[in-house]
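Observations on chain architecture
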Amino acid sequence: MKATYTLAELAQHAGVELRGAADVAITGVGTLSGAGPSQITFLTNRRYAAQLPATRAGAVVLTPLDAASCPTNALLSDNPHATYARIASLFAEVAHWSPGIHPTAVIAPDARIDPSASIAAHCTVESEAVVEAGVRLGPSCVIGRRAHIGDHSHLVAQVTVSEGCALGARVLLHPGVVIGADGFGLANDNGVWIKVPQLGTVRIGNDVEIGANTTVDRGAIDDTVIEDGVKIDNLVQVAHNCRIGAHTVIAGCAGIAGSTLIGRHCAVGGGAGIGGHLSIPDGVTLTGMAMVTKSPREAGVYSSGLPAEPNAQWHRTVAHIRQLPSLLRRVKALEAALQNKPADDPADNG
Amino acid sequence: MKATYTLAELAQHAGVELRGAADVAITGVGTLSGAGPSQITFLTNRRYAAQLPATRAGAVVLTPLDAASCPTNALLSDNPHATYARIASLFAEVAHWSPGIHPTAVIAPDARIDPSASIAAHCTVESEAVVEAGVRLGPSCVIGRRAHIGDHSHLVAQVTVSEGCALGARVLLHPGVVIGADGFGLANDNGVWIKVPQLGTVRIGNDVEIGANTTVDRGAIDDTVIEDGVKIDNLVQVAHNCRIGAHTVIAGCAGIAGSTLIGRHCAVGGGAGIGGHLSIPDGVTLTGMAMVTKSPREAGVYSSGLPAEPNAQWHRTVAHIRQLPSLLRRVKALEAALQNKPADDPADNG
Amino acid sequence: MKATYTLAELAQHAGVELRGAADVAITGVGTLSGAGPSQITFLTNRRYAAQLPATRAGAVVLTPLDAASCPTNALLSDNPHATYARIASLFAEVAHWSPGIHPTAVIAPDARIDPSASIAAHCTVESEAVVEAGVRLGPSCVIGRRAHIGDHSHLVAQVTVSEGCALGARVLLHPGVVIGADGFGLANDNGVWIKVPQLGTVRIGNDVEIGANTTVDRGAIDDTVIEDGVKIDNLVQVAHNCRIGAHTVIAGCAGIAGSTLIGRHCAVGGGAGIGGHLSIPDGVTLTGMAMVTKSPREAGVYSSGLPAEPNAQWHRTVAHIRQLPSLLRRVKALEAALQNKPADDPADNG
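These remarks concern the structure in this document. (Residues numbered from 1 in each chain as written. Chains lettered and ligands numbered in written order. Predicted model: local features only at pLDDT ≥ 70, side-chain atom pairs only at ≥ 80, totals over all residues. Heavy atoms only, no water.)

The next thing to look at is the sheet that holds strand S35 (residues 273-274) of chain C. Residue and element names in this part refer to chain C. On the basis of which strands lie adjacent, the open sheet formed by ten strands has the order S9-S12-S15-S18-S21-S26-S29-S32-S35-S38 and parallel pairing. Looking at which strands have only one partner, the edges of the open sheet turn out to be strand S9 (106-107) and strand S38 (291-292). When strand S26 (residues 215-217) meets strand S29 (residues 237-238), the two strands line up parallel, connected through two bridges. Directly across from Thr 215, in S29, lies its bridge partner Gln 237. (Pairing = 2+ DSSP bridges. Helix = DSSP H or I, 4+ residues; strand = E, 2+ residues; numbered from the N terminus.)

As structure tokens, then:
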């Protein structure tokens, strides 16, 4: 199922200017260093700019600024990555599926399945669940009671959507995703933890993508909410009562504690940890492994953590940090000796 | 299936004092800011105390101390969270299930399934496994050979319990949980890693709850043990040969390396990492993302990590920390100049 | 199915010297402190050396150096851990399986399944997939279109291998593993994230083991590659376009961002985070929770992060670090006062 397009066709599809031979036939995509004469590639990351002059690609999507160094046909775009995404989608494998319910799927009699939906082997769809038009449930998905799967959503495989949770349209859930498990709600009663019933659900907007084995817990009272256009990577934990604002992205292994609100157009780096009951304003970027314990006041990039260094040096760094109190005392003593300033000046909080 | 209770009935059920109108009908729960006149709510977190005077709730569960500011009916409790948990459980959806084995489930002939257990579609129960009274296996669970599922346990969906592992009574495992995968046991033989057989199992006590996609590995020789009343959140890793003491809670994304013992009544914060072969005393709390490399000596709260700050400031913080060695040298030189103390004093470990 | 071996047989099987009674019968393994007279144990970790004199084990695998303190029969090995692994494998449960396809498994007509393979209940094998000789698919595995499962691989349960991904021989995938979900490829188009098609696959070498609920994403253009002998623990994220060099080990909860190359014979500690587009040389060890933001130049051990300390002390540590800029200014002022060196010396970057 290999598609072929001329460069003229690709430029027209993407709405960008072609500089070069319009009739070159392109059959797929490649990397800047690996693409051959019938493949198209792109340049966005400065790390790879040095590879441009030697590329053997049939064409490169790049900015007008980079076009001067391009040894082959060029598609000029102010946003080469988005242009590449549009072109690459033409070469993506056509999905092999068709409407209908596999005979091994177990569908509750009062579930409502649109005739245009496709439900693969070993799925379970429980009572009163709704599966809208064009939905694809891959193998071994579990859809709980009264859950709602919006039109043209795709649950790839082994996905669980628990009771009452609702997905918007065109939601993409990768294998192992769990939507709507109980939030971690516990009350301590004389040393024994008792369960606080988790009575909310999860509501997910349109055009949301959630990565493999990521978990989004149901709310304790109100719902956990993922707004339109949010993209979440693999192995991310979103705790109960969180709200993730529209068009925010969250990279792999991040964890967001309960009742935290994340604004729109935020970017949460891989492995970042965000405490509970915080509010992250619109437009905040957290770099990888950042630890957020207080709500940032405004948009911007926030970071924490010490980058790795050779182990012996790291041991010294830790020791030096542990010595800071004595260092402060020593500096105060020097100041006192030099300036006749008393070392125990109570106004000095150093 | 909506329940309705009067405030008098709720107060009696929870064993607390009602201050207000006994006959108000309550049909559900709500948040302090969102609850209406037929809903009950609670106040425990000081962050939300300012919302109390404006609440429209039919009643609030709170401490006697907070009752003065309560504009509506009040249920007085020394532990409002636990009282709320008991009341909210009355409004939780009645589970829709009944005993029996779904025709698509595959049960080994020599597995023993109590007639009161419920086994949903697409489950697999292997040879010699035991499923006790009142157990619910949700869709697509896998129970390995000779595994034991204690009475009234509930495996929500897509759960795997591997060969020989044993669960106590009333254990709740959320979707995607994996109990008893092989521990990460490897021996290096001239640069090649060879597998060390993992011959232990996992033993889980009573009243344990484990969150979605969390993994608990089987022991290498002895068993990995989770004691009674332990509560574990989503995406947590418990490595082989760990023992988690009774009534300890572990928040999401935490990781516990092999052979570490965690005491009773501990609290492990989200994203915390605990090294291998350590011993955490009873009553230790680790705050979020804490990195534990040595065994704490006593109960208490332990923390690590630098909270996020604006990125430019973070770069300066990292640079300043890298400069600590030269700063120490400069302070020594100042001390030497001022006090005639030799800068290379070997007794000075700064 | 309990096996029994004499010490002479075990020594011969492992190719090591026996010091002691050749005809002692051994029926299993135990820990140094827990093993009885019919069990064999081992000593490798110095933490446990103090337990050696009191062991009741029938025999201990240890180095010639430790043999002097051994109160029982000894198997002498320069690598006791590897020797123990070989001996313990004799006592591992014989797997209970046989070739054939369970009647509930759904196999595409044009999938190719070797007659010696075993496919358990509720598996799905899609069109044109290939399952080689001796493969075991445990319950509820999903094998995507044109995926290739190499000979004698074992997918324990609930594993997903997506379209086009290829596993080598003797690959062991634990429950919940997801191979080949889409990489996290997004292009920002005026604030809205659009999906960049992920057109590569995942290629996994021989003798690779991957832990429960770990995820390995497919490449964006080229493939994500896991080389021979790599061992990955639970809940690890390997992003698109990574290459993990042969015989590298990755402990639980680690995350590796996109397009990063990890060399051969590396060891990545638990919870470590490695940024994208980096290159980790052969022979690098990262300790637990290390944060890697730049490519290390050479083999060695790298670390980061501050170990946990009592919470009050931690607050002081954070405050002291925040005071470093003022401390640097104070030291400069002291230097200026003492040496007549101007405090604002532009050559001084402190």
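In total, this model carries four cavities of 30 Å³ or more according to the counting rule given. Each pocket or cavity is described by its volume, and for the largest cavity that value is around 140 Å³. In this structure, the largest cavity is lined by 19 residues; those nearest its centre are Gln 158, Gly 176 and Asn 213 of chain A together with Gln 158 and Gly 176 of chain C. (1 Å grid on protein atoms, 1.4 Å probe; cavity = no way out; pocket = protein on both sides within 12 Å on 5 of 7 lines; lining within 4 Å. Points joined across faces, edges and corners; volume = space filled by probe spheres on them.)

Moving on, we come to the packing of helix H1 (residues 7-14) of chain B against helix H3 (residues 80-91) of chain B. Residue and element names in this part refer to chain B. Axis separation between H1 and H3 bottoms out at 9 Å; the angle between their running directions is 120°. Comparing the axis directions of H1 and H3 gives the class oblique. Between H1 and H3 lies a crossing whose hand is right-handed. Between H1 and H3, the residues in contact are Leu 10, His 13 and Ala 14 and Thr 83, Arg 86, Ile 87, Leu 90 and Phe 91, respectively. Considered class by class, the residues forming the contact of H1 with H3 number five nonpolar, two polar and one charged. (Axes fitted to C-alpha atoms, helices over the stretch in contact; angles between N-to-C directions. Parallel < 35°, antiparallel > 145°, perpendicular 65-115°, else oblique. Left-handed = near helix turned anticlockwise from the far one by under 90°. Contact = heavy atoms within 4.5 Å. Nonpolar A, V, L, I, M, F, W, Y, C, P; charged D, E, K, R; others polar.)

On to the interface of chain B and chain A, then. How big an interface is tends to be stated in terms of the accessible area lost upon association of its parts. Counting residues at the interface gives 72 residues for chain B, matched by 75 residues for chain A. Counting the surface lost from both chain B and chain A, the interface buries some 5700 Å², and carbon and sulfur atoms represent 65% of this. For the interface between chain B and chain A, the tally reads four salt bridges. Linking Arg 330 of chain A and Glu 335 of chain B is a salt bridge whose minimum nitrogen-to-oxygen distance equals 2.9 Å. Our count for the chain B to chain A interface comes out at 28 residue pairs in polar contact (both at pLDDT 80 or more). Considering every element that reaches the side of chain B that touches chain A, the biggest residue donor is helix H5 (residues 324-339) of chain B, with ten residues. A class-by-class count of the residues in the side of chain B that touches chain A yields 37 nonpolar, 24 polar and eleven charged. In terms of strand pairing, strand S39 (residues 300-303) of chain A meets strand S40 (residues 309-310) of chain B through two bridges, oriented antiparallel. (Buried area = accessible area lost by both parts, 1.4 Å probe. Salt bridge = Lys/Arg side-chain N within 4 Å of Asp/Glu carboxyl O. Polar contact = N/O pair within 3.5 Å; in protein donor to acceptor, adjacent residues only side chain to side chain.)

Note on the identical chains: chain B maps onto chain C by a rotation of 120° and an axial translation of 0.0 Å, with an RMSD of 0.1 Å. The operation mapping one copy onto its partner corresponds to a three-fold rotation axis. (Least-squares fit on C-alpha atoms with pLDDT ≥ 70 in both.)

Facing the 75 residues of chain B at the interface are 72 residues of chain C. Across the chain B to chain C interface the summed buried area is about 5700 Å²; carbon plus sulfur atoms make up 65%. The tally of links from chain B across to chain C stands at four salt bridges. Note that Arg 86 of chain C and Asp 189 of chain B form a salt bridge whose closest N and O atoms lie 2.4 Å from each other. Contributions of two or more residues to the side of chain B that touches chain C are made by strand S21 (178-181), strand S22 (186-189), strand S23 (192-195), strand S26 (215-217), strand S38 (291-292), strand S39 (300-303), helix H4 (311-322) and H5 of chain B. Looking at the side of chain B that touches chain C, its residues break down into 37 nonpolar, 27 polar and eleven charged.

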